[in-house]
Amino acid sequence: MHDISHDPLLKTGLIGSIIAALCCLTPVLAVLLGALGLGWFVGYLDYVLLPVMVIFLGLVGFALWRSARGTRGV
């Protein structure tokens with residue numbers, strides 16, 4: 001198995017997943033949007049954040065699958 005600690009695809013997927021999960025599970029984004037005067041957008045966050053989280057988790061899965069196969073092309 002290759003060293004996956006330096007895989008940029010895995011790091012991007014993990015960081016994106018964590019940010020999307022924080023925005024989905026906590027009212028951080030709702031408070032920020034309300035402070036900026038964009039409170040109307042809070043109702044549409046589920047339509048944006050859930051697909052983004054799925055995409056980033058898919059990116060993590062792909063990076064792990066790619067490293068397990070040993071094909072780490074740069």
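These remarks concern the structure in this document. Along each chain, residue indices are assigned from 1 in the same order as the chain's sequence is written. Where local features are concerned, this predicted model is filtered to residues with pLDDT of at least 70; where side-chain atom pairs are given and counted, the filter is 80 or more; whole-chain, interface and lining totals use all residues. Only heavy atoms go into the side-chain values, all of them from the structure, while hydrogens and water stay out.

**Looking at the environment of Val42**
In step 1: Only DSSP runs of H or I covering at least 4 residues are called helices, and only runs of E covering at least 2 are called strands; the numbering of each starts at the N terminus. Along the chain, the position of Val42 falls in the loop between helix 2 (28-35) and helix 3 (45-69).
In step 2: Exposure classes here rest on a 1.4 Å probe applied to the protein chains alone. A residue is buried below 20% of its type maximum, exposed above 50%, and partly exposed in between. A relative accessible area of 32% places Val42 in the partly exposed class.
In step 3: Spatially, the C-alpha atom of Val42 lies 5.8 Å from that of Ala30, the residues being 12 residues apart in sequence.

**Some thoughts on the packing of aromatic side chains**
In step 1: In summary, the pairing rule links any two rings of Phe, Tyr or Trp, Trp by its six-membered ring, whose centres are within 6.5 Å, and it sorts them by plane angle into stacked for under 30 degrees, edge-to-face for over 60 and tilted for everything else. As enumerated under the stated definition, the model contains five aromatic pairs in all.
In step 2: Where Trp40 meets Tyr44, the ring centres are 6.5 Å apart and the plane angle is 70°; that geometry is what we call edge-to-face.
In step 3: Grouping aromatic residues by their ring pairs yields a cluster made of Trp40, Phe41, Tyr44 and Tyr47.

**Let's talk about helix 3**
Every α-helix winds through 3.6 residues per turn, so residues three or four apart in the chain are directed the same way.
In step 1: Here the expected length of a helix is defined as 1.5 Å per residue gap, with one fewer gap than residues. Across its 25 residues, helix 3 extends 36 Å between first and last C-alpha, which sits within 8% of the 36 Å expected from 1.5 Å per residue.
In step 2: Every buried residue of helix 3 is accounted for by Leu45, Leu49, Val60, Ala63, Arg66 and Ser67.
In step 3: Positioned one or two residues after helix 3, Gly70 has a phi angle of 85°, which is positive.

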